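If you want the building blocks of each chain, they are given just below.
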Amino acid sequence: TFILESASGEELYKIQERKLRVRDTMAVERGGEKVATIKKALITPLRDRFTIELEQGGSDLNAKGNIVDHEFEIERDGDKIAEISKRWFRVRETYGIEIAPGEDDAFLLAATVCIDEMARG
């Protein structure tokens, strides 16, 4: 379980792994309510893919690219809403997340934590 908090310590999102599934999944909750489920898609030869299924309507999100090397994008309806990259930094185990204006920064950070955690397993 991971907790994403604001700078003042307020819980923004809670992330929990779901082990009893055929494919790896993690749930993202806010205020005790599940807001999304992140699922590892079937592995393709050149790219990793994850699906971010939203509970409260809206288009589901997709993460694709080289997940293990932290070079991937999160898209909604084919439009990039976040880019995750290690190439911006020289420090080991460091990567950046660029999020499009108007998006829920905390939620996309929580989704990235889920993807990172599942890619390690």
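This one's a predicted model, so the numbers in the text were calculated from it and none came from an experiment.

Each value, and the rule that gives it
- Residues numbered from 1 in each chain as written.
- Predicted model: local features only at pLDDT ≥ 70, side-chain atom pairs only at ≥ 80, totals over all residues.
- Heavy atoms only, no water.
- Helix = DSSP H or I, 4+ residues; strand = E, 2+ residues; numbered from the N terminus.
- Polar contact = N/O pair within 3.5 Å; in protein donor to acceptor, adjacent residues only side chain to side chain.
- Contact = heavy atoms within 4.5 Å.
- Phe/Tyr/Trp six-rings, centres within 6.5 Å; stacked < 30°, edge-to-face > 60°.
- Lys NZ or Arg CZ within 6 Å of the ring centre and 35° of its normal.
- pLDDT = per-residue confidence, 0-100.
- Expected span 1.5 Å × (residues − 1).
- Buried < 20%, exposed > 50% of the residue type's maximum accessible area, 1.4 Å probe, protein only.

Once that is clear, we can look at the side chain of Thr-37. Tracing the sequence through the fold places Thr-37 in strand E4 (residues 33-40). Within polar-contact distance, the side chain of Thr-37 engages the side chain of Lys-34 at 3.5 Å. Filtering out sequence-adjacent residues up to four positions away, Thr-37 remains in contact with Thr-25, Met-26, Thr-51, Ile-52, Glu-53 and Glu-55.

A word on the packing of aromatic side chains. Throughout the structure, instances matching the rule amount to 1 aromatic pair. The ring of Tyr-13 carries the charged tip of Arg-30 above its face, separated from the ring centre by 4.9 Å.

Now for the confidence of the model for the protein. With 89% of its residues at a pLDDT of 70 or more, the protein has an overall mean of 86. Element-level pLDDT for the protein is lowest in strand E2 (residues 11-18), with a mean of 84, against a maximum mean of 95 in strand E8 (residues 79-85).

Before going further, it helps to spend a moment on helix H1 (residues 105-120). Every α-helical turn comprises 3.6 residues, leaving residues that sit three or four positions apart pointing alike. Compared with the 22 Å implied by 1.5 Å per residue over 16 residues, the 23 Å span of H1 between its first and last C-alpha is a close match. Taken together, the buried positions of H1 are Ala-106, Phe-107, Leu-108, Ala-110, Ala-111, Thr-112, Cys-114, Ile-115, Asp-116 and Met-118. N-cap assignment for H1: the residue whose side-chain oxygen lies 3.3 Å from the backbone N of Ala-106 is Asp-104.

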